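# Remarks on the overall topology
In case you want the letters, here they are:
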Amino acid sequence: MKLSDVGLDVVKTPRLVKLIAFAFLSISTIFLFNHFSDSFSYPSLPFPISSSSNVTEAIQTNITSVAAVAPSPPPRPRLKISPPPLPPTVVRTGIIDENGAMSDSFEIGGFDPDSIDELKSATGNSSVEEKESPEVGFQIEKLKLCDKTKIDYIPCLDNEEEIKRLNNTDRGENYERHCPKQSLDCLIPPPDGYKKPIQWPQSRDKIWFNNVPHTRLVEDKGGQNWIRREKDKFVFPGGGTQFIHGADQYLDQISQMIPDITFGSRTRVALDIGCGVASFGAFLMQRNTTTLSVAPKDVHENQIQFALERGVPAMVAVFATRRLLYPSQSFEMIHCSRCRINWTRDDGILLLEVNRMLRAGGYFVWAAQPVYKHEDNLQEQWKEMLDLTNRICWELIKKEGYIAVWRKPLNNSCYVSREAGTKPPLCRPDDDPDDVWYVDMKPCITRLPDNGYGAIVSTWPARLHDPPERLQSIQMDAYISRKEIMKAESRFWLEVVESYVRVFRWKEFKLRNVLDMRAGFGGFAAALNDLGLDCWVMNIVPVSGFNTLPVIYDRGLVGAMHDWCEPFDTYPRTYDLIHAAFLFSVEKKRCNITNIMLEMDRMLRPGGHVYIRDSLSLMDQLQQVAKAIGWTAGVHDTGEGPHASVRILICDKRI
């Protein structure tokens, strides 16, 4: 037999064919593995070799024969292929889930209980020396007390030099904001004998005399059952100029006149103009209606201070030449009882401002002498009021005794059906009724949205968590996801505030007056309500961000527009708690951080608390300023842990 025949027979054996196929498959597998592997270099794996010497010889013989017949192609160069880069890590904000979809489901971690005891045992530093941060070169000395003349100082309302320069004060320009060029550089002292405020609800009826030591209102209004002094306290019987027998009886009368007003359900947010000591708003609180009480700092200059000391939502504001700092369609009811405002002057521009803020279908309640007295001059004022309200399409619902009630229309149909040339005209379509920061009042009727936004909101308490339709009209980046963003914000703050209540024992604080300096959609205030803390929140929307204030009011909360580069229109010692979330990281390029914190100290009651949630990079500077002010301050991790880029600065103002 020829050798070539033997080799041919070997090649034809089935066992050899299987071995060749297995070897080819192994080579292919190794090549593919090297091609798609990660950046680690793996050594070549050996072929699986049988222990049979005959098979080995047969394979070698076969390879020799095949090579003789058809030479193999030159080997391909081996390329080192780098694997694709890893995808970037997703930064989780609590809104985007692992699939990139909007979600309101996320977890908030807890606090380290050991750090709480450290905060409570801290005593603060009695003197702050100059300090320099190696990162930003920041330094500050201990701040000193202002003189006693500034005990009740409101910087933008007490700027006497600027007020003296005004050419005209006929319309109340002297009661509007005129901020000084020089910022406050000292700490407002409390009055002599100041005590920790009496807690709500007892504070509704009595407060310490030494905390607001002013007797002008007692002398002027004592006979009208507003206020009286008893030893070391002021006592509030609950009366007013038009309801000397008490606010409760007065509210019962309004409810009987307008059964549909349903306080605490349909009517959740009200405005009381020229509020006196705010007994109207104080007694509405027990009917589950939040009333924002406003008045100027005029001859009865401390009326708002009395309201705030009682624990009633209040703010210094005036009907003069500029829009008030509240959005359109804010209030279901606006009330004026002997508020000393001439509503028909200047073609009714002041009543048109009321119309802007009144929700479609809402009520204007007017208790005044022209309603019920028959003197010629008063009857002339009544006729002018009837004429004006008819031209702006308000319907007179009821007139009974000394009270008259009008209702605003639900849409624009009445406005557009008026005779041509009827005044006041409708505002231009491009007028933004929610633009209020240093914007003049306009002698025109604010248009209602054609889509009905703002006219219909859920009843309380459902409206607190039902995303309102006006959410879609807010000028912000998102559109489709807005409802999810609002729900996520509410869930986030509910879990955060729940941890504050549990770990920092907030219920022991007995909070009443609260300020949220950057409120967003009002999630922080909603969380306080959901957790049963008996307090009210002034929700501030900074001018530097999206104007979410209409949504806050649609949720049944109260708030205002403000620029934190300037002082706020409230008295010293207003708030028990001031909350600021990511305010300083946003405003640090526009405003002076020290000035903002000095303003916080002016507004904070002795014994009050400050919670600042912000970037880790700012904590050193914020803590230095806090110590210079004299606060007890400590930096704490958030629930995200010690490696997060966010921290919480917790400060206490000592009495």
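Here, every reference points to the structure presented above.
A few points on the structure. This structure is a prediction, so every number in the text was calculated from the model and none was measured.

What the protein contains, in helices and strands, is 19 helices and 17 strands. A buried classification covers 51% of the 655 residues belonging to the protein. If you take every contact in the protein between residues at least 6 apart in sequence, the share linking residues at least 24 apart comes to 69%. Put simply, the protein shows about 32,400 Å² of open surface, and 53% of that area lies on carbon and sulfur atoms.

A few words on the nonpolar core. Tyr326, Trp343, Phe364, Trp506 and Met597 are the most contacted members of the largest nonpolar core, which totals 146 residues. Every residue in contact with phenylalanine 364, bar those within four places of it in the chain, is listed here: Ile334, Cys336, Trp343, Leu351, Val354, Leu358, Met385, Trp394, Ala404, Val405 and Trp406. With 10 residues, the next largest nonpolar core counts Ile207, Ile227, Phe234 and Val277 among its residues.

Turning our attention to the side chain of threonine 548. Within the secondary structure layout, threonine 548 lies in the loop between strand 12 (536-542) and helix 16 (549-554). Not counting chain neighbours up to four residues away, the residues in contact with threonine 548 comprise Ile474, Gly520, Phe521 and Val541.

Neither face of strand 11 (residues 513-516) is open: one carries Asn513 and Leu515, the other Val514 and Asp516, and all of them are buried. Examined bridge by bridge, strand 11 and strand 12 share 4 bridges and lie parallel to one another. In the sheet register, valine 514 faces strand 12, and the bridge partner there is valine 537. At this point the chain moves from strand 11, through helix 15 (residues 523-530), to the parallel strand 12, and the crossover so formed is right-handed. In this sheet, strand 14 (residues 575-581) lies alongside strand 11 in parallel orientation, the contact comprising 3 bridges. Bridged to aspartate 516 within strand 14 is histidine 579.

For the rest of this paragraph, the subject is the state of the cysteines. Going through the model one piece at a time under the given rule, you end up with 6 disulfides. The residue that forms a disulfide with cysteine 336 is cysteine 339, at a sulfur-sulfur distance of 1.8 Å. In this structure, the disulfide formed by cysteine 336 and cysteine 339 twists by about -75 degrees around the S-S bond and is classed as left-handed. For cysteine 336, a relative accessible area of 1% puts it in the buried group. With its bonded cysteines labelled in order along the sequence, the protein shows the pairing 1-4, 2-3, 5-6, 7-8, 9-10, 11-12.

Another point: the pattern of salt bridges. For the structure shown, the criterion picks out 34 salt bridges. One salt bridge connects aspartate 431 with arginine 323, and the closest N-O pair in it is separated by 3.2 Å. Pair noted here: aspartate 431 is in the loop between helix 13 (413-416) and helix 14 (482-503) and arginine 323 is in the loop between strand 6 (314-316) and strand 7 (331-337), with a separation of 108 residues, a long-range link. Under the relative-accessibility criterion, aspartate 431 is labelled buried at 15%. Residue arginine 323 is classed as buried on the basis of its relative accessible area of 5%.

As a further point, take the sheet that holds strand 4 (residues 269-273). Pairing is mixed in the open sheet, where 7 strands are placed in the order 6-5-4-7-8-10-9. A single partner strand is all that each edge strand has here, and the edge strands are strand 6 and strand 9 (395-400). Pairwise comparison of adjacent strand axes, ignoring direction, gives a mean angle of 20 degrees for this sheet. Across 5 bridges, strand 9 lies against strand 10 (residues 403-407) in antiparallel orientation. Bridging across to strand 10, leucine 396 finds its partner in tryptophan 406. Taken strand by strand, helix 9 (residues 303-310) contacts strand 5 (290-295) and strand 6, and its axis lies near 155 degrees from that of strand 6. Packing against the sheet, helix 12 (residues 376-391) makes contact with strand 8 (358-367), strand 9 and strand 10, and its axis sits at approximately 15 degrees to strand 10.

Here is what the cut-offs are and how they apply
Residues numbered from 1 in each chain as written. Predicted model: local features only at pLDDT ≥ 70, side-chain atom pairs only at ≥ 80, totals over all residues. Heavy atoms only, no water. Helix = DSSP H or I, 4+ residues; strand = E, 2+ residues; numbered from the N terminus. Buried < 20%, exposed > 50% of the residue type's maximum accessible area, 1.4 Å probe, protein only. Contact = heavy atoms within 4.5 Å. Areas by Shrake-Rupley, 256 points an atom, 1.4 Å probe, with all protein chains shown as cover. Core = buried A, V, L, I, M, F, W, Y, C linked by side-chain atoms within 4.5 Å. Pairing = 2+ DSSP bridges. Right-handed = clockwise from strand over helix to strand, strands pointing away. Disulfide = S-S within 2.5 Å. Salt bridge = Lys/Arg side-chain N within 4 Å of Asp/Glu carboxyl O. Axes fitted to C-alpha atoms, helices over the stretch in contact; angles between N-to-C directions.

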